[in-house]
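Residues per chain, in single letters:
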Amino acid sequence: MGNIISSFLSSESIGSALSFVAGEAENIWGLQGNLDALQTEFDKLIQAKDDLLNEVNLAEQQPLTRRTHQVKGWLQRVQQMGTKVTKVQETRAQEIDRLCLGGFCSKDLISSYRFGRRVVELKKEVIDLKNERGDIVDIYEMVPEDPAVELPVERTVVGQESILDQVWRCITEKENNVGIIGLYGRGGVGKTTLLKQVNNHFRCREHNFDVVIWVVVSRELKLQQIQHDIGERIGLLSDKEWHSKSVKQKALDISNNLSQKKFVLLLDDIWQPIDLTEVGVPLQSLNVESKIVFTTRSLDVCGQMRADKGIEVSTLTHGQAWKLFQEEVGTSVLGSHPDIPKLAETLAKECRGLPLFRRNREQWQHAINVLRTSASKFPGMEENVFSRLKFSYDCLPRDELLSCLLYCCLFPEDFRIPKRELINYWISEGFSDGFGDGYTIVGDLVSACLLEEEDDNYLKMHDVIRDMALWIACKIRKKEENFLVRAGVGITKAPKIEEWEGVKRVSLTDNKIESLSEIPNCPHLQTLFLDRNCIMEITDGFFELMRSLRLLSNLSLIHGLGFFHFCRLGFFSCCLLELDLIHSNGPSRIKNSLTELPSGISSLVSLQHLDVSYTDIRGLPHELTALLNLRYLNLERTYHLSRFPPELICSFSKLEVLRMLESGADSTAEQGSVLSEDAEPLMKELLCLKLLNLISFSLYSSRGVRNFLKFPKLLRSTQALSISDCEIPLLNVSHLAYMEHLKDLVIDNSNLEELKTDCTGEVQKVLQCGFRSLHLASIAFCSRVKDLTWLAFAPNLKIIVIMHCDDLEEIISVEKLNQLSDIMGELNFFAKLELLDLYHAESLKSIYQGALPLPQLKEIRVTQCPKLKTLPLNSSSTKLRNIVISGGKDWWEELQWEDQATQNAFSTCFVPSR
């Protein structure tokens, strides 16, 4: 028998078979070692992946770079390999348990063999994948930058299609040999819209330009602002030295950069010729390689700018106007009466394309009559533009609306007008009965397209509407209104005294006036705007002949620095910011502001609104008791105020608004002043004012806080409150929860008491009616507090600022919320939060342990919070992914995300902090 077998199998064949069996058997008896080897090789793969990711992330911090497709593919395969290895290692214990006889056999030979073979194959795949890393040479590539930034335009304006095509051909067709193109026309005909459409064409049309630059010039020519806008677009602002360079140095940088590019420079709203060489525009690059297109109201400016081609943007033809009119009014209105289409077509012809909505036949007929009567009076601009716009003004339903609109032209061109401040002015002027009525007026003017809303808090007046309003106030209604407006025009001296004669309202805001040394005779003057100048001297007799003056605002350069800036920066840094604002207006402006009020101010017996905020005044003269009609007094940030005579405030029996935030913060009160540390004398005087309904206040001691909490009227009336140096022994913030009008709260250098979860009754009361109006909370230098869970009870909170709270570990404590779950239910906190600013919170580990829905969030700022490794975000936290997250690069790289989807969602939101 053996001979038979040997005749079929040689010894060599038998050896090979035994060797194969032994090799395959190793998949079983060598299983544990192979699993360990697989994990070792996979760890090496992960190390290679991490090294590559570090290189890629570093490269992607540079502008216009992205990882190559080869890198993306390899990283994706590593991720897939991780899933495979994890799945194998998860069954490791189960497969090892199957082995028997010391690991040389298995209770399920087939299953163990297959698993062991898979381990060996997977180890080889891991090694091969790791070796592929060496084949990757280029880890990133340059991304071509979009040549133009898209600008919002509602639609193509009727009648401009042919002009747009003409401008585009002048820019792109080389045979035209046109370097500078001027678009000119009357205000309001659509020049800006046309230029925006030109800009947006570069995003969707074929061309050979490298970069398109958009700059708004406006009436007051500011070369540095033009250079800033150009520099920002071409990446020069990343140079830290840029802001300290002179105009000539910046011009050289711009010229060197643009000389290497094919560029298109779009300049909107030029009122006077610009020396482009002084800006830094290399004119030698124009004609074939680069272009300049600008808009202006004057054909003369086209010539002065040496435009190779001027293109008029004219009013609409009758056919175009009628087409636009039909689109705006709609068929339902036009078809509501058989006479309306004909009347509407006549009206469209009269207003040359301005869509004016009327409801019935009589209104259409009246509109035609009014337009025809008005238009016959004014030639040129007045005839063709203002008279049409004045129609909307004349159709305002009540006189108060007319006065309120004209009032807005007292502000500089392109100025963002704060709504509440404007309404306060209107109330003092007698145009409005209160804030409810004021907001209704704002709504009416916005609906009439005479004002524009910037956001919830600000308004803007279009420059053409403003020019019309000035025309009405200074010419058409000069007898009734008679404005003198020199706002934002850069004058260094006040107008000559003869110009003041007979005027009713004067605005000298946003200039460089340092002295008011002459005495104007203006007995009819009711309004005087002096804000954002650097007035250091006012002659004693200046106000003597202004006995009708109702509103005086403001005597400081820095007026308008927001409450948030103070909270964010603290007192010292706020001073630096103020200095920076002064510096931006030129070296000659770095001086102190007014230190004493002129004695003649007591002559203003009709005054209702006095604003001396941000000045350096040291005291208030007792003669102010003569201002018996005063309803609004703003003393905010008068840091050096130390003289405050007793019985002065209580003499203002008509006072409704008193702003004293940070008054006297940097001084010691003189003997007899009501500005004592405990503030009790001042508080008692405030209680005598029956009409007082709005206060901003600062408390500088524990005694001051205790006294404040004793007076319910003050608690009800306070809108902004700052507390500092309070150690009583702990400040219970819940005592402030029922201040129904409290919008802004700053707590500085105080011992805060944390939320007590065992006081469920108190918590429930806070939950039901506390902190309803709070919009801003700033906590600074409160070193002992561990958490700020009470912030969860402020449903309308928009801004949170936390600075130098050394022991703070978490903002919202989940543990405390869980202890209160029975009475809280589902608390949707931070639903209106727009900004979270964390500054030097060394121990902070958590904002909230978990993701929060933050639909209104716009920005998160993190500075020197080394232990904060997570943010309360997931991929669905915010409506839009255009929020800003700023912080240090190291902090950002170490940030941990809920999952990869969340990291991807917010990966483009990071902005390195300065």
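Provided above is the structure to which this section pertains.
Cut-off values and rules
Residues numbered from 1 in each chain as written. Predicted model: local features only at pLDDT ≥ 70, side-chain atom pairs only at ≥ 80, totals over all residues. Heavy atoms only, no water. Helix = DSSP H or I, 4+ residues; strand = E, 2+ residues; numbered from the N terminus. Buried < 20%, exposed > 50% of the residue type's maximum accessible area, 1.4 Å probe, protein only. Contact = heavy atoms within 4.5 Å. Areas by Shrake-Rupley, 256 points an atom, 1.4 Å probe, with all protein chains shown as cover. Phe/Tyr/Trp six-rings, centres within 6.5 Å; stacked < 30°, edge-to-face > 60°. Lys NZ or Arg CZ within 6 Å of the ring centre and 35° of its normal. Pairing = 2+ DSSP bridges. Axes fitted to C-alpha atoms, helices over the stretch in contact; angles between N-to-C directions. Salt bridge = Lys/Arg side-chain N within 4 Å of Asp/Glu carboxyl O. Core = buried A, V, L, I, M, F, W, Y, C linked by side-chain atoms within 4.5 Å. Parallel < 35°, antiparallel > 145°, perpendicular 65-115°, else oblique. Left-handed = near helix turned anticlockwise from the far one by under 90°. Nonpolar A, V, L, I, M, F, W, Y, C, P; charged D, E, K, R; others polar. Expected span 1.5 Å × (residues − 1). Arc of directions from axis to C-beta.

S.K.: Explain the overall build of the protein to me, please; I cannot follow it from the model alone.
M.R.: Tallying secondary structure elements over the protein gives 31 helices and 32 strands in all. In the protein, which comprises 914 residues, the share counted as buried stands at 49%. For the protein, the proportion of contacts with a sequence separation of at least 24, taken over those separated by at least 6, is 65%. Total accessible area computed for the protein in this model is approximately 43,100 Å², and 49% of it derives from carbon and sulfur atoms.

S.K.: Got a minute to help me understand the packing of aromatic side chains in this structure?
M.R.: Each aromatic ring pair is specified by the distance between its two centres and by the angle formed by the two planes. According to the stated counting rule, one finds 19 aromatic pairs in the structure shown. Summarising the aromatic geometry, the rings of F829 and F830 are spaced 5.3 Å apart at their centres and angled 85° between planes, so their arrangement reads as edge-to-face. Each of the two residues, F829 as well as F830, counts as buried. Among the aromatic residues, those joined into a ring-pair cluster are Y407, F411, F415, Y425, F431 and F529. The ring centre of Y458 lies 4.0 Å from the NZ or CZ of R416, which sits over that ring. If you follow R420 out to its NZ or CZ, it ends over the ring of F435, 4.1 Å from the centre.

S.K.: What's the story with the sheet that holds strand 12 (residues 458-460) in this structure? I'm lost.
M.R.: Reading across the sheet, the three strands line up as 10-12-11 and stay open at both edges, with antiparallel pairing between neighbours. The open sheet has two edge strands with one neighbour each: strand 10 (417-418) and strand 11 (452-453). Bridging between strand 11 and strand 12 involves two bridges; their strand directions are antiparallel. Within strand 12, the residue paired with E453 across the bridge is L459.

S.K.: Hey, could you run me through the sheet that holds strand 8 (residues 291-296) in this one?
M.R.: For sheets, the rule is that strands pair by backbone hydrogen bonds, running either parallel or antiparallel. Taken in spatial order, the five strands make up an open sheet running 6-7-8-5-9, and their pairing is parallel. Single-partner strands in this sheet number two, and they are strand 6 (211-218) and strand 9 (309-312). Across the sheet, the mean angle separating the axes of adjacent strands is 15° when strand polarity is ignored. In this sheet, strand 8 lies alongside strand 5 (residues 180-184) in parallel orientation, the contact comprising five bridges. The residue bridging Y184 from the neighbouring strand is T296, located in strand 8.

S.K.: What is the right way to read the pattern of salt bridges from this model?
M.R.: Charged atoms that come close allow side chains of opposite charge to pair. Throughout the structure, instances matching the rule amount to 30 salt bridges. D165 serves as the salt-bridge partner of R169, at 3.0 Å between the closest nitrogen and oxygen. Taken together, the positions of R169 and D165, both in helix 7 (residues 161-172) and four residues apart, correspond to about one turn of that helix. On the basis of relative accessibility, which here comes to 36%, the residue R169 falls in the partly exposed class. Here the residues in one salt-bridge network are K84, R118 and E125, joined through shared partners.

S.K.: I would appreciate a short explanation of the pairing of strand 28 (residues 799-803) in the present structure.
M.R.: Along any regular strand the residues' side chains alternate between the sheet's two faces. Most of strand 28 is tucked away: five of the five residues are buried. Judged by which residues are buried, strand 28 turns out to be covered on both faces: I799, V801 and M803 on one side and I800 and I802 on the other are all buried. Two elements, strand 27 (residues 776-780) and strand 28, share five bridges in a ladder whose sense is parallel. Note on strand 28: the bridge partner recorded for S778 is V801. Sheet analysis places strand 28 next to strand 29 (residues 835-839), joined by five bridges and oriented parallel. When the sheet's bridge partners are listed, I802 is paired in strand 29 with L838.

S.K.: I'm lost on the nonpolar core in this one. Help?
M.R.: Note on soluble globular proteins: their nonpolar side chains tend to be buried together. L528 and L552 are the most contacted members of the largest nonpolar core, which totals 120 residues. Membership of the second largest hydrophobic core comes to 37 residues, among which are C404, Y425, L451 and M468.

S.K.: What should I look at first to understand the packing of helix 3 (residues 31-60) against helix 4 (residues 69-90) in this one?
M.R.: Relative orientation and spacing of two packed helices are given, respectively, by the angle between their axes and the distance between those axes. Contact geometry for helix 3 and helix 4: axes closest at 11 Å, N-to-C directions at 150°. Accordingly, the angle class assigned to the pair helix 3 and helix 4 is roughly antiparallel. The hand of the helix 3/helix 4 crossing is left-handed. For the pair helix 3 and helix 4, contact is made by L35, L38, Q39, F42, L45, I46, A48, K49, L52, L53 and V56 and by V71, W74, L75, V78, M81, G82, V85, V88 and Q89, respectively. Split by residue class, the contact of helix 3 with helix 4 holds 16 nonpolar, three polar and one charged.

S.K.: Sorry if this is basic, but what is going on with helix 10 (residues 247-258) here?
M.R.: Residue pairs spaced three or four apart in an α-helix point in one direction, given the helix's 3.6 residues per turn. With twelve residues, helix 10 extends 16 Å between its outermost C-alpha atoms, agreeing within 8% with the 16 Å of an ideal straight helix rising 1.5 Å per residue. Every buried residue of helix 10 is listed here: K250, A251, I254, S255, N257 and L258. Looking down the long axis of helix 10, one finds its buried residues gathered within 165° of arc, a one-sided arrangement. Exposed positions of helix 10 whose direction lies more than 90 degrees from the buried face are K248 and L252. Next to the buried residues of helix 10 lie strand 6, helix 9 (223-233), strand 7 (263-270) and helix 11 (276-279).

S.K.: Teacher, can you tell me more about helix 19 (residues 419-429) here?
M.R.: Of all eleven residues in helix 19, nine are buried; the element is thus mostly enclosed. Turning to helix 19, its buried residues are K419, L422, I423, N424, Y425, W426, I427, S428 and E429. Backbone geometry just after helix 19 places G430 at a positive phi near 85°.

S.K.: Help me understand unusual backbone geometry, please; the structure alone is not making it clear to me.
M.R.: Glycine aside, a negative phi is what most residues show, and trans is what most peptide bonds show. In the Ramachandran plot, N482 falls in the positive-phi region, its phi being about 55° despite a non-glycine side chain. Here N482 is to be found in the loop between helix 21 (463-476) and strand 13 (483-485). Positioned with a positive phi, F781 is a non-glycine residue whose angle comes to about 55°. On the secondary structure map, F781 appears in the loop between strand 27 and strand 28. Taking relative accessible area as the criterion, F781 reaches 43% and is therefore assigned partly exposed.

S.K.: Explain the pairing of strand 30 (residues 859-863) here, please?
M.R.: Side-chain alternation along strand 30 places I860 and V862 on a buried face and E859, R861 and T863 on a face that remains uncovered. Strand direction decides the pairing type here: strand 29 and strand 30, joined by five bridges, are parallel. When the sheet's bridge partners are listed, L838 is paired in strand 30 with V862. Bridge analysis of strand 30 against strand 31 (residues 884-887) gives three bridges, and the strand direction is parallel. Looking at the pairing, E859 lines up with V884 of strand 31.

Any link to function would need more than the numbers given here.
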